[in-house]
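Structural description and commentary
If you want the building blocks of each chain, they are given just below.
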Amino acid sequence: MNYTDINIEVMLVAFLAIYTLVKRASRTAMMLYVVAFNLYFAYRLNGSVMWLLPATACFNYALTQEMALREGRTRKLLLATVVVADLAVLAYFKYATFILNDVIGLMLRPTSR
């Protein structure tokens with residue numbers, strides 16, 4: 001589904017109205033509402049790759065919790081793992097289409113004489 005500017009504006013107004021009410025109830029409810037809305041919005045925009053958002057968040061959380069228990073070289077290795085994993089996901093989504101379509105596509109395209 002494609003969103004137009006008006007749809008996004010209506011969703012923003014609805015979000016803010018409900019957010020104001022939920023914020024008064026409790027901080028936990030407010031945080032859960034914001035997370036749920038973000039996941040829903042990510043799902044509507046990106047479909048099946050939306051799972052990547054909570055998956056990377058859980059992965060980062062688990063490794064940073066482990067980092068809190070470690071010291072020295074192990075801690076630095078865990079930090080490097082988190083950074084490399086996040087950059088790998090970013091690089092894939094940023095450059096995969098370019099590499100597959102433009103670079104590999106040009107190499108596989110038959111040359112005309």
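Calculation criteria
- Residues numbered from 1 in each chain as written.
- Predicted model: local features only at pLDDT ≥ 70, side-chain atom pairs only at ≥ 80, totals over all residues.
- Heavy atoms only, no water.
- Helix = DSSP H or I, 4+ residues; strand = E, 2+ residues; numbered from the N terminus.
- Rg over C-alpha atoms; globule rule 2.2 N^0.38 Å.
- Buried < 20%, exposed > 50% of the residue type's maximum accessible area, 1.4 Å probe, protein only.
- Contact = heavy atoms within 4.5 Å.
- Phe/Tyr/Trp six-rings, centres within 6.5 Å; stacked < 30°, edge-to-face > 60°.
- Salt bridge = Lys/Arg side-chain N within 4 Å of Asp/Glu carboxyl O.
- pLDDT = per-residue confidence, 0-100.
- Expected span 1.5 Å × (residues − 1).
- Arc of directions from axis to C-beta.
- Patch = residues over 30% accessible without salt bridge, like charges linked within 9 Å, V, L, I, M, F, W, Y side chains within 5 Å.
- Areas by Shrake-Rupley, 256 points an atom, 1.4 Å probe, with all protein chains shown as cover.

1. Side note on the overall build of the protein chain
The helix and strand inventory of the protein chain stands at four helices and zero strands. Written out in order from the N terminus, the α and β elements of the protein chain read α-α-α-α. Its C-alpha atoms give the protein chain a radius of gyration of 21 Å, more than 25% over the compact-globule value 13 Å for 113 residues. C-alpha extents for the protein chain along the principal axes are approximately 70 × 50 × 15 Å. Out of the 113 residues in the protein chain, the part that is buried amounts to 12%. Expressed as a percentage of contacts within the protein chain between residues at least 6 apart in sequence, the contacts between residues at least 24 apart total 34%.

2. Describing the packing of aromatic side chains
Applying the stated criterion across every chain, the model contains five aromatic pairs. Residues F15 and Y33 carry aromatic rings whose centres are separated by 5.2 Å and whose planes lie at 10 degrees to one another, so their mutual orientation is stacked. In this pair, F15 sits in helix α1 (residues 5–25) while Y33 sits in helix α2 (residues 27–46), placing the two residues 18 residues apart along the sequence. Note on accessibility: F15 and Y33 belong to one class, buried. Take F15: its relative accessible area is 14%, and that puts it in the buried class. An aromatic cluster is built from F15, Y19, Y33 and F37, whose rings are joined through pairwise contacts.

3. Here we look at the pattern of salt bridges
For the coordinates displayed, the defined rule picks out one salt bridge. Residue R70 is joined to E66 by a salt bridge in which the shortest nitrogen-to-oxygen separation is 2.5 Å. By relative accessible area, which is 39% here, R70 ends up partly exposed.

4. Brief notes about the confidence of the model for the protein chain
Summary statistics for the protein chain give a mean pLDDT of 85 and a share of 93% for residues scoring 70 or more. When mean pLDDT is taken per element in the protein chain, helix α3 (residues 52–69) scores highest with 93 and α1 scores lowest with 85.

5. With respect to α3
With 18 residues, α3 extends 26 Å between its outermost C-alpha atoms, agreeing within 8% with the 26 Å of an ideal straight helix rising 1.5 Å per residue. Among the residues of α3, those classed as buried are L52, N60, L63 and M67. For α3, the angular spread of the buried residues around the axis is 75 degrees, confining them to a single face. Seen from the open side of α3, the exposed residues pointing more than 90 degrees away from its buried face are C58, Y61, A68 and L69. Tucked into the core, α3 has its buried residues touching α4 (72–108).

6. Some remarks on α2
An ideal rise of 1.5 Å per residue puts 28 Å on 20 residues; α2 measures up with 28 Å between its terminal C-alpha atoms. Those residues of α2 that fall on the buried side of the exposure criterion are M30, Y33 and A42. Around the axis of α2, the buried residues are gathered within 160 degrees of arc, so they sit on the same side. In α2, the exposed residues that point more than 90 degrees away from the buried face are T28 and L32. Positioned one or two residues after α2, G47 has a phi angle of 65 degrees, which is positive.

7. A look at a nonpolar patch on the surface
Taken together, the side chains of Y95, F98, I99, L100, V103, I104, M107 and L108 define a hydrophobic patch exposed on the protein surface, amounting to about 800 Å² of accessible area. Mapped onto the secondary structure, F98 falls in helix α4.

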